[in-house]
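Single-letter residue listing:
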Amino acid sequence: MVSPQQFPDFYFLQGSQQQTLDFTQHIDCVLITHFHLDHCGALTYFTEGVGYNGPVLATPPTKAIIPLMLEDFRKVSATQQRQSQNNQQNNNNSGGGETAFTSEMIKNCISKIQTIQLHETLTIKDDIKVTAYYAGHVLGACMFYVECNGESVVYTGDYNMTADRHLGSAWIDKLKPDLVITETTYATTIRDSKRAREREFLKQVHETLDNGGKVLIPVFALGRAQELCVLLETYWNRTNLQYPIYFTGGLTEKANFYYKLFINWTNEKIKRSFTKNQNIFQFQHVKTLDTASIKSDQPMVCFASPGMLHGGYSLAIFKDWAGSEKNTLIIPGYCMPGTVGNKLLSGEKRIMIDGKEVDVKIKIYNMSFSAHADSKGIMELLTHLEAKNVMLVHGEKEKMRVLSQQIKDQLGVNCYCPANHAQLKIYTDPKIEILIGAHIINLMNQIYAKSLLNFYRPNSTMYLSNCLISVDNRTEIDTNIEICKPLMISSHESQNSQIIDFASQQKQEHQFKVDQTLDQYEQVDMVLNWSQPISESIQDITLFEGRLTDAILNSILEQKKLAFGLKNLIFMDEELKEATQLAQVIQDQYLQLDHDNRTVRLSFGSLETDIGYWLKDILDSLN
Ligand SMILES: [Zn+2]
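Per an unreviewed UniProt entry, the protein goes by Integrator complex subunit 11 and derives from Stylonychia lemnae. The annotation that UniProt attaches to the protein under Cofactor (unreviewed entry) is "Zn(2+)". For the protein, the Sequence similarities (unreviewed entry) comment in UniProt is given as "Belongs to the metallo-beta-lactamase superfamily. RNA-metabolizing metallo-beta-lactamase-like family. INTS11 subfamily."

So, on to helix H6 (residues 194-210). Between its terminal C-alpha atoms H6 stretches 24 Å, which fits the 24 Å expected from 17 residues at 1.5 Å a residue. Where H6 is concerned, the buried positions are Arg197, Glu198, Phe201, Leu202, Gln204, Val205, His206, Thr208 and Leu209. Immediately downstream of H6, the backbone of glycine 212 shows phi near 85 degrees, a positive value.

Moving on: the pattern of salt bridges. Scanning the model with the defined rule gives 12 salt bridges in all. Between glutamate 357 and arginine 350 there is a salt bridge, with its nearest N and O atoms 2.8 Å apart. Each of the two residues, glutamate 357 as well as arginine 350, counts as exposed. Overlapping salt bridges bring together Lys174, Lys176 and Glu386 as one network.

Take the sheet that holds strand E13 (residues 328-331) next. Spatially, the 6 strands line up as an open sheet ordered E11-E10-E12-E9-E13-E16, and their pairing is parallel. The sheet is open, and its two borders are formed by strand E11 (286-288) and strand E16 (363-366), each paired with just one other strand. In this sheet, neighbouring strand axes are inclined to one another by 25 degrees on average, regardless of whether the strands run parallel or antiparallel. Of the strands in this sheet, strand E9 (215-218), strand E10 (245-247), E11 and strand E12 (301-304) are in contact with helix H7 (residues 224-239), which crosses E12 at around 165 degrees. Where helix H11 (residues 312-321) meets the sheet, its contacts fall on E9, E12 and E13, and the angle it forms with E9 comes to roughly 155 degrees.

Looking now at the pairing of E12. Going residue by residue along E12, you find Val301 and Phe303 tucked away on one face and Cys302 and Ala304 tucked away on the opposite face as well. Relative to E12, E9 runs parallel, the two being bridged by 4 bridges. The partner of proline 218 across the bridge, within E12, is alanine 304. In this structure, E10 lies alongside E12, joined through 3 bridges in parallel fashion. Along E12, the bridge assignment pairs tyrosine 246 with cysteine 302.

About the thresholds
- Counting restarts for each chain, with residues numbered from 1 along the sequence as it is written.
- Given that the model is predicted, a residue must reach a pLDDT of at least 70 before its local features are reported, and side-chain atom pairs must reach 80 or more before they are shown or counted; all residues, however, enter totals for whole chains, interfaces and linings.
- To obtain the side-chain values, all non-hydrogen atoms of the structure were used and water was disregarded.
- UniProt positions are given in the numbering used here, feature names are shortened, and annotations may be inferred rather than shown by experiment.
- Here a strand is any run of E in DSSP of at least two residues, a helix any run of H or I of at least four, and the numbering for each starts at the N terminus.
- Helix span, as expected, comes to 1.5 Å for every residue beyond the first.
- Per-residue accessibility, obtained with a 1.4 Å probe over protein chains only, is compared with the maximum for each type, and a residue is labelled buried under 20%, exposed over 50%, and partly exposed between these values.
- Every case where a carboxyl oxygen of Asp or Glu lies within 4 Å of a side-chain nitrogen of Lys or Arg is listed as a salt bridge.
- When DSSP locates at least two bridges between a pair of strands, those strands are taken to pair.
- With axes taken as lines fitted to C-alpha atoms, and helix axes fitted only over the stretch in contact, angles between N-to-C directions fall between 0 and 180 degrees.
- In this analysis, two residues are considered to be in contact whenever any of their non-hydrogen atoms come within 4.5 Å of each other.

Pasting the structure below:
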C-alpha cells in the first residue's frame, strides 16, 4: 500500500517533529520538473496529507499527465496491498483498501498546480523569480532557474543532452548561477553511440522472434515506451515484419492523446510529421494486448508497465515467460534496488514473486534507453551554465563521488554530494550593483597592506559593479586605486559581467578611458547589514566586547600564520601591537554593539564579503 513511510519525511523541512505542521510557512514554492513518480509521487501526500498550501509549479504537459501517473500508482499500490493481505490469509487486517491518498485527493492536489510555460518567468511572493527551460527526458520535462535577492539556482530535474526519436535535447540560457543542482543517474557512464544501441536492440528482438520466442520490454507507460515504439514501427515498416507488437493497459491511448495534445514539446521531426497529418504516434503495428495473447505460443513483442518489474502487467507477464530460454527480456531503463528488475540485472536466477519461486531462463539484456544525461552530457551542461557551485543528486553514491572529483578537477568549482537530511551552507557573492568610493578602497588597502592578511588572497575575486576583478599579489598597494578607477569605467561602459585577471604587468594591455574622474564614484551605498541578538547566556556585554576583540586578534594572528605557511609563529612585540591595533580598527569599522537592545550588528561592503563572513564566523563562535 502507499503508506506514508514510502514518502520523504517532510518533517525535516521544518527542523523538528515537535512543532505543529506548517509547511506553507517553511516552503515558498514547490517545483515539479516532470511527471515521473520519483519526482512527483509524494505531491498528493504533501498537499492533501500533510497540508502544504503554497504555490506548486509545473509545465502544462506535466500538469496534464501527473494525474495519470498518480492514479496508476494508487491502483498498483492497492493491488499490491490486496495481494499481501491474501498472503497473510486475511488475518483480521482491518486496513482493507486503505491508501495514503484517494482519487479525490489526487484531483484536489492537481487543481492546486499553477502552470508555467517554457522561458516564462513567474514571480512568487514578490522576490522569487522562477523560469522554466526545456529538459528533454520525457514529455513536458523542464529545468528550473530560481533567482532571489541576487542569488540563483538551477535545478535540472532529469534531463537529456541529446535529442532522441521523439523529444529534443535540453536547452537553457548561459545563466552563471551560484548553484546548479543536477541529476546524476548516469554519473560515470558514457553511453555507447545511440545508433549502435538501437541496432543491438533491433537485432535481439528480431533474432528472438525468428527463433519462435517472445520479447518482453518493461517500460514506463509514457516516455521510453513511445521512443521504442517509434523505433520498432520504423523497423517493421522497413523490413515488412509481421510479428505482432503489443502494449498493455489502457494507458497507450491516453499517452498518445497527450503526445498529440502537446506536440510542440516533441522534436522537430515529430512536429513536421504531425503538420503533414501523419501523426507518427498513430502506430500501425502496435496494438493493445488482450489476456489471451499473453498465453498464446506465437512470437510477439510486448511492452508492459511498470518499467522496473515491481508489479502490474510487466511482472505478471515476466512470471509466465521467464521459464523459457527462447524468450528475451529487454530492460531499457534504470531499476531501483529492491525491484525484480534490479535483482534480474544483478544476475539472480531464482526470484521470489508473490511467494513463489520463479526459475529464470529467459535471456536478459539491459539496454540503456533511459533519457538521462551521461557524464559527458552533465559536464557539457555545467560548462555551458558556468556554475559556481555544483550539487549532485539522484544518483549512486560511488559514481557521484567519481563525477564530483572530475567536476572539481576539470571545472575548478566546488562540488557537493550531500546525504539525505544533510544541511549544506554555500557562500555566494552578493550581486548588488554598487559604485565604489575611494575611501573604501583606501580602507581596504590599509588593512591589506598593514596586515599581510589573507582577506584578499592572491587571485581572489571581488565584485565591482558589473565587473569581477582578480587582483594579483601586490605590494605597491597604493596603485590599487589606479587599478580600480579605469576598471570601473570600463565595466560601466561594457555593461557585461566579465572576469578580469588583473596582474600588474597586464596594466598596459587594457584600453581605459581616463577622462572620467573618480569623484563620480564617491556616492557609496555598499553596506550589507546583518544583525543578531546577543545570546541570553551572556550577562555582561562589556565582557563580550572584550572577548570579541580577543577573538578577532587571535584570528588575525592565525591568518598571519597561514599567510606565512607556518604551523607555529612566535610573534614579536611590534607585530603583536600592530595586530592588536588592527583588531580594534576592524571592530570599530565593521561591528556595532547595541548595549540597550542587546544586539550586535555587522555591516560590510559588497567588496568586503571575505571580511564580513570572517567576522560573522567569529561572532557565531562566540554567541
Ligand atoms: Zn525522470
